[in-house]
Amino acid sequence: MDSKVLQRITTELPSGTRLVAVSKYHPAEAILEAYQAGQRIFGESHVQELQVKQAQLPTDIQWHFIGHLQTNKVKYIAPYVSLIHSVDSPRLLDEINRQALRAGRRIPCLLQIHVAQEETKFGFLPDELIEFLRSGHWHTLEGVEIAGLMCMASNTDDEAQIESEFARAQHLFDQLKNEFFTAQPTFCERSWGMSHDYPIALRCGATLVRIGSLIFGDRVYL
């Protein structure tokens, strides 16, 4: 774990933007080192790995789930997860609501949108998301709080394309805010930008950047 890089990234973030230190595939010792340097938000993408780390590490860590989440795994993280970034279907949102109510919680969630060119990326297409929100079903879900949007840009070195995709996500956020969430100040988060493209994401309104390899180095597959 590179504490100097962690400090540099933290200090260069604009006011209101937070760092999610992506700790997946890295041992608890590395997370604890970042924690001792002041980092409190960590991102994991595998439920079993998160379960192990959550039991070992300080209780004031805010665990963000950032990977593709299977509905049958929601119950394991519902009691403590601080934010789920990757809600990519109405079915998953329904299950998060069910498990949140069972745990006596209201879980903040981000709706993942598909703006990249790769078909392998998960998420709602923008038109699908608008149709889902217009259905009004989400109003009935008392166990979830829709707190914003998440996306991943295409895996490319073309910075203009990346910026175009993040700008599209920001435009959609503004549209949804105006149409569905004007009375909800909690709909405010925009999770986009990773180690290789977070400076572009910051120019396009990101409030959460998910950075792993710059801080922790190459992945350690556990």
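Further up the page is the structure itself.
Residues numbered from 1 in each chain as written. Predicted model: local features only at pLDDT ≥ 70, side-chain atom pairs only at ≥ 80, totals over all residues. Heavy atoms only, no water.

Asker: Is there a simple way to explain the pairing of strand β2 (residues 41-44) in this structure?
Answerer: Put simply, side chains in a regular strand alternate between the two faces of the sheet. Of the two faces of β2, the one holding Ile41 and Gly43 and the one holding Phe42 and Glu44 are both buried throughout. As judged from the 2 bridges shared by strand β1 (residues 18-22) and β2, these two strands associate in the parallel manner. Paired with Ala21 across the strands is Phe42, a residue of β2. Note that the unit made of β1, helix α2 (residues 28-36) and β2 has a crossover that is right-handed. As paired strands, β2 and strand β3 (residues 62-65) are joined by 4 bridges and run parallel to one another. Its bridge partner lying in β3, Gly43 is registered against His64. Each parallel crossover has a hand, and the one from β2 via helix α3 (residues 47-56) to β3 is right-handed. (Buried < 20%, exposed > 50% of the residue type's maximum accessible area, 1.4 Å probe, protein only. Helix = DSSP H or I, 4+ residues; strand = E, 2+ residues; numbered from the N terminus. Pairing = 2+ DSSP bridges. Right-handed = clockwise from strand over helix to strand, strands pointing away.)

Asker: I would appreciate a short explanation of the nonpolar core in the present structure.
Answerer: For soluble globular proteins, the rule of thumb is that nonpolar side chains tend to be buried together. Counting residues in hydrophobic clusters, the biggest one holds 66 residues, and the most contacted among them are Ile84, Leu129, Leu133, Leu149 and Leu176. By residue number, the principal contributor to this core is helix α7 (residues 159-180), which donates 7 residues. With near-sequence residues (within four places) excluded, Ile84 lies in contact with Phe65, Leu69, Ile77, Ile96, Ile107, Pro108, Cys109 and Leu110. (Core = buried A, V, L, I, M, F, W, Y, C linked by side-chain atoms within 4.5 Å. Contact = heavy atoms within 4.5 Å.)

Asker: What is the right way to look at the pattern of salt bridges in this model?
Answerer: When charged atoms on two side chains of opposite charge get close, those side chains can pair. Enumeration over the complete set of coordinates arrives at 9 salt bridges. Between Lys53 and Glu49 there is a salt bridge, and its shortest N-O distance comes to 2.6 Å. Placement of both Lys53 and Glu49 in helix α3 is noted, with a separation of 4 residues, approximately one turn of the helix. You'll find Lys53 and Glu49 in the same group, each marked buried. One salt bridge in this structure joins Glu95 and Arg98, with 3.1 Å as the shortest N-O distance. One end of the pair, Glu95, and the other, Arg98, are both in helix α5 (residues 90-102), 3 residues apart, so they sit about a helical turn from each other. On the accessibility criterion, Glu95 (15% relative accessible area) is buried. (Salt bridge = Lys/Arg side-chain N within 4 Å of Asp/Glu carboxyl O.)

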